[in-house]
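If you want the building blocks of each chain, they are given just below.
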Amino acid sequence: MNASLDKGVRVLKEMIDAPIASYFASCVHCGLCAEACLFYTETGDPKYTPIHKLAPMRRLYEQEYTLLGRLKKWLGISPPVTDSELGAWQELVYNSCTLCGRCSAVCPVGNDIVYMVRKFREGMAVAGHAPAGVIEATRRTIDLGSPMGVKLHAVKAQMKHVEEETGIAVPLDVEGAEYMVQLSSMEIINFPEYLSAVARIMQQAGKTWTLCSTGFEATNAGIQIGVSDLARTIVMRIVEGAERLKVKTVISPECGHAYTAIRWEGPNLIGRPFTFRVQHIVEVLDEFRAQGLLKTQGMETDRLTFHDPCQLARRGGVIEPQRNLMRMVAKHFVELPEAGLMNWCCGGGGGVSANEEADALRLTAFKRKQSQLEAVHPDRLVTACAVCRTTIEEGLEHYQMKLPVIGLTELIAAHLTAPAAGGPEGG
Amino acid sequence: MREKSGSLMGHLARQGVSRRAFLRYCASLATLLALPPGSGRALAAALATAARPSVIWLPFQECTGCTESITRSHSPTLEGLIFDAISLDYSETLMAAAGHQAEEALHNAMRAGGYLLIVDGAVPLGRDGAYSCIAGRSNLDLLKEAAAGAGAIVAMGSCAAFGGLPHARPNPTGAVSISEVVKDKPIVNIPGCPPIPVVMTGVLAHYLTFGTLPELDKLGRPRVFYGETIHDRCYRRPFYDQGKFAKSFDDEGARNGWCLFELGCKGPVTHNACATAKWNNGTSWPVESGHGCLGCSEPDFWDGGGFYKALSMPADPLKVAGKAAVAGAAVGVAVSFVNRVKKNAAKSSHETATLADLEKSS
Amino acid sequence: MTDIQLLTWARGQGLDLAVAAFLFAVFWRLIEIYSLGRKQDLAAPRLVAGASGWHTVLRRSLPPAGMLKRSPVSYFGGYLFHLGLAMVVLLFAPHIKLIESLTGVSWPGLPSQFIDLATVVTLAALVVVLVDRMTKPVKRYLSTSGDWLAWLVTFLPVLTGWLAVRHLLLPYPTMLTVHILSAELLLVMLPFTKLFHAFTTFGSRWYNGTVNGHKGVAI
């Protein structure tokens, strides 16, 4: 129980860099970031304006790293950041921000607001101002291995289930396999069809793959709460496993922040580049498609649309692959308005779905997704993130909208051509 | 110099000037002075019967250009008539006498009192006024003595009105204007370097007719001649409004008669009658001849930055700016060092966060 | 001091001081900000054409998909007064002379009637964005005294310049002096208000574009 304002301030002083200084100097209070944020557009409450989430950090930056700010602090004109102020900001920094990054995409002076929120969380968390639900998820991940407390035996049970279902043996700790497959707790518990799908796709593509007993969990609560030291501990499990098993590529599953955690934050957390490649399953599938290794038959005939997970598309750079894959198996693929780079968040990412205090707000914010869907009235919604899936399902239920939600990998797998006996080339 | 007796009309008749010509002159002078209709007759009547008042002209720190300008219109034009309407009892340039005789004329005129005192040139105050002396006495002393008995004072030319060229930076002689020395007499400033002749004669005519000085602006200049800027009466104004500027002397724009703003014309900030009354009896004036207005009827026009610097250009080259940039960079670098130390200290005192750090103890 | 002497001061020593204060503060603040540096990104980059800091510096001047209809006044008002300011400052012949005397560089200007029109449009746009800031909930919530001050020191030079050229309100020498002094006030205040975004926007957009471009996101 060592959280303190002092710790928070010290960490924030480390976090502040030239981009942040430039962003604070550039903000002209135009409010366009609010117009891009679903927590403002669906509530109309200006306190949810994204740049406003950073107010204490701005003052701290000025007081610590600018001549005038130091002068103002010394003269008593600029009040120091207080613990109660950070407490008041908890709702703004955690409950009403999914780190979706839409604000960063629209700011006319170029401010990368989500970059700042992510760094602000470092200070907020060790000052003791992260939400209880997110702290608990982090604790379970550190102590037990996964935020939902899923341990290896649960994974093994799923492996057995998949083997029975598909007749394909799921490899574990196979050294030298080309791909190391990560799983999110959500998939292990809620969407076990993911592992089946991966098994069948890998078989058709003729690729070697493996799970890792010490590093199977893809999610990273450290990223959600925003504490790099803890995120490092968590991601190191994957890195250590991948290096030990000498795999070529680590596959991040249908999850959003897990991809961010390993693909983009990972090397920076551990302080060195990876020796292996990292890809999201959607990237892998699209690569197989481009190489002719993914053979499908038949098309879905109902009206399908795709929800781009924020951490995959806007924050991850994977935007076209999912569309290529959709077009492979969907006869009537329609795009949501503002799909792709500017897609609206489902409202559950960034730790919000783990945060009970944010439930009501999250459901209110879901109206944005609802109106996006209503503009297109699809028969089914496809996505590539397990948390997006559950968040959307909860939202749909709350607003009594009937709309099945499915994952992209399982959709692709459902259309795989029957595996020819003996191998991918047949015969 | 001249006899104090005799009427103007008689004098004119002897010169061969008809009454009709005289009346025409008075009418045009009344128009120039913006007097109400019918004033031409009043002017004529007053001038015709006026006793010729005594006028003393004292030259101080001047170049004699003002005297030159006035006398340019002496003969055969009508301005010269005014000189017949006054008794110019002392004028170093024009009087025939010199030495003691001239001094005696001056003292006789001053003894009578109530004269009109015309002064051109500035008054140097430096070294107790030693920089400009006449007959061993400083201009300052002469001015104070002459001003004491004067009815009114005409500060002729920019030097007398505002200090003029002697007053320009660095003003080594401590030159000042007449109104900085004399505080207790009515003074009319007629600035210009030199002033337009008809401006001078118009003011005198007003004084002769009405016994008072015409309405003055806050710089003591007759509003009727100095009430508007050159810019507001300039015939090239349409080109200014359109943005058609000559870029250099004798370029195409200059030859087309375009606005001379970019060549330093101070017309927009200069009050004078050049654009309407013009010079050399309405022949032309600087802008019409292709040169920008110097601003010569405004105070400190010599220090206005340069005759060829447009009003939107800096009056002087920037002196501190370059050093300020370097100083600013130095401050920035200093702060960056302090920042680096602070950040490194924060980094080195980093305690790896554990789960225990996520919650407070109480 | 007479008004012509005040004008000469404003054009002379006043300008020297204002430009000095401006340059001092700009260099100080730029170094203060950018010397903080940025950690190198060790993740393997995804190279995508059009996704880079430089691209974002330019691209961010356009409204992203869906934003124009959410806040048309912000965009249209903003474009109008920024472009208007640029036109008036850079394409009006007397201003070009000023720039030429300070830098040696010059270029042809626009006819003064066009500049007059641009000035009026700029003034109107500035008033519109002011009203918008006073009435829209988010802008009102965010606005501080710094925002009102920044608006005022931007508005005054445009207004007084227009009044001077048009010979309105005050006698020309005085109006011109007020205009020059208001521009000098803007110079002095710029580095200490949000107006400093005139310099830092490029750095901010560049960082944003670089961090996202590293991931192959053309943001």
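Refer to the structure presented above.
For the structure given in this document, a descriptive report is provided here. Everything numeric here is computed off the predicted structure, so don't read it as measured data.

1. Describing the interface of chain A and chain C
The interface of chain A with chain C comprises 60 residues on the first partner and 50 residues on the second. Carbon and sulfur atoms supply 60% of the area that chain A and chain C bury against each other, a total of about 4400 Å² over both sides. Counting every contact that joins chain A to chain C gives one salt bridge. When the shortest N-O distance is used, the salt bridge between E283 of chain A and R46 of chain C registers 2.8 Å. Taken together, chain A and chain C are joined by 28 residue pairs in polar contact (both at pLDDT 80 or more). Among the elements that line the side of chain A that touches chain C, the one with the most residues is helix α2 (residues 18-26) of chain A, at seven residues. The class makeup of the residues in the side of chain A that touches chain C is 34 nonpolar, 15 polar and eleven charged.

2. Brief notes about the sheet that holds strand β8 (residues 405-407) of chain A
Adjacent strands of a sheet pair through backbone hydrogen bonds, lying either parallel or antiparallel. Residue and element names in this part refer to chain A. Read from one edge to the other, the open sheet built from four strands follows the order β6-β5-β7-β8, with strand pairing classed as parallel. Looking along the sheet, the strands with just one partner apiece sit at the ends: β6 (330-334) and β8. Going from strand to strand, the sheet's axes swing by 40 degrees on average, the running direction of each strand aside. Across four bridges, the pairing between strand β5 (residues 300-307) and β6 is parallel. Bridged to T305 within β6 is V334.

3. What about the interface of chain B and chain C?
Frequently, the measure chosen for interface size is the accessible area that the parts lose on association. Listed by partner, the interface residues are 46 residues for chain B and 35 residues for chain C. For the pair chain B and chain C, the two sides together bury roughly 3500 Å², of which 65% comes from carbon and sulfur. Taken together, the links from chain B to chain C amount to one salt bridge. Of the charged contacts in the structure, one is a salt bridge between D3 of chain C and K218 of chain B, with a shortest N-O distance of 3.8 Å. Here chain B and chain C share 13 residue pairs in polar contact (both at pLDDT 80 or more) between them. Mapped onto the side of chain B that touches chain C, the elements with two or more residues apiece are α13 (230-233), α14 (237-242) and α17 (321-348) of chain B. When residues in the side of chain B that touches chain C are grouped by element, the largest group, 14 residues, is from α17 of chain B. Partitioned by chemical class, the residues of the side of chain B that touches chain C number 22 nonpolar, ten polar and 14 charged.

4. Comments concerning the nonpolar core
With 74 residues, the main nonpolar core has L54, F120 and I225 of chain A as its most contacted residues. When neighbours within four sequence positions are excluded, L54 of chain A is seen to be in contact with F24, W89, I113, M116, V117 and F120 of chain A. Among the nonpolar cores identified, the runner-up in size contains 49 residues, and V181, F216 and A384 of chain A together with A43 of chain C belong to it.

5. Re the sheet that holds strand β3 (residues 249-252) of chain A
Residues and elements named next belong to chain A. The four strands are arranged β2-β1-β3-β4 in an open sheet whose pairing can be described as parallel. Because the sheet does not close on itself, it has two edges, and the strands there are β2 (209-210) and β4 (277-280). Strands β1 (179-181), β2 and β3 of the sheet are contacted by helix α15 (residues 228-245), whose axis makes an angle of about 145 degrees with β1.

6. Focus on the packing of aromatic side chains
The description of two aromatic rings rests on the distance between their centres and on the angle between their planes. All names here are of chain B. Evaluation of the coordinates by the stated rule reveals 22 aromatic pairs over all chains. Relative to F261, the ring of Y240 lies with its centre 6.0 Å away and its plane at 55 degrees, an arrangement referred to as tilted. One end of the pair, Y240, is in helix α14; the other, F261, is in the loop between α15 (252-255) and α16 (274-277), with 21 residues separating them in the sequence. This pair shows no difference in class: Y240 is buried, exactly as F261 is.

7. As for the pairing of β3 of chain A
All names here are of chain A. Alternating positions in β3 separate into two faces, T249 and I251 on one and V250 and S252 on the other, with burial throughout. Relative to β3, β1 runs parallel, the two sharing three bridges. Paired with M180 across the strands is V250, a residue of β3. Where β3 meets β4, four bridges bridge the pair, whose relative direction is parallel.

8. Section: a nonpolar patch on the surface
Taken together, the side chains of L68, L71, W74, L75 and I77 of chain A together with F192 of chain C present a nonpolar region at the surface, about 660 Å² in accessible area. Residue placement: I77 of chain A occurs in the loop between α6 (67-75) and α7 (83-95). Overall, I77 of chain A belongs to the exposed group, its relative accessible area being 56%.

9. Here we look at unusual backbone geometry
Omega for the peptide link from R169 of chain B to P170 of chain B comes to 5 degrees, which places this bond in the cis form. With respect to the element layout, P170 of chain B can be found in the loop between α9 (157-162) and β8 (175-176). Unusually for a residue other than glycine, Q400 of chain A sits at a positive phi of about 50 degrees. Since its relative accessible area comes to 74%, Q400 of chain A is described here as exposed. For D250 of chain B, which is not glycine, the phi torsion reads 70 degrees and is therefore positive. One can find D250 of chain B in the loop between α14 and α15. Residue D250 of chain B is classed as exposed on the basis of its relative accessible area, which comes to 55%.

About the criteria used
- Residues numbered from 1 in each chain as written.
- Chains lettered and ligands numbered in written order.
- Predicted model: local features only at pLDDT ≥ 70, side-chain atom pairs only at ≥ 80, totals over all residues.
- Heavy atoms only, no water.
- Contact = heavy atoms within 4.5 Å.
- Buried area = accessible area lost by both parts, 1.4 Å probe.
- Salt bridge = Lys/Arg side-chain N within 4 Å of Asp/Glu carboxyl O.
- Polar contact = N/O pair within 3.5 Å; in protein donor to acceptor, adjacent residues only side chain to side chain.
- Helix = DSSP H or I, 4+ residues; strand = E, 2+ residues; numbered from the N terminus.
- Nonpolar A, V, L, I, M, F, W, Y, C, P; charged D, E, K, R; others polar.
- Pairing = 2+ DSSP bridges.
- Axes fitted to C-alpha atoms, helices over the stretch in contact; angles between N-to-C directions.
- Core = buried A, V, L, I, M, F, W, Y, C linked by side-chain atoms within 4.5 Å.
- Buried < 20%, exposed > 50% of the residue type's maximum accessible area, 1.4 Å probe, protein only.
- Phe/Tyr/Trp six-rings, centres within 6.5 Å; stacked < 30°, edge-to-face > 60°.
- Patch = residues over 30% accessible without salt bridge, like charges linked within 9 Å, V, L, I, M, F, W, Y side chains within 5 Å.
- Areas by Shrake-Rupley, 256 points an atom, 1.4 Å probe, with all protein chains shown as cover.

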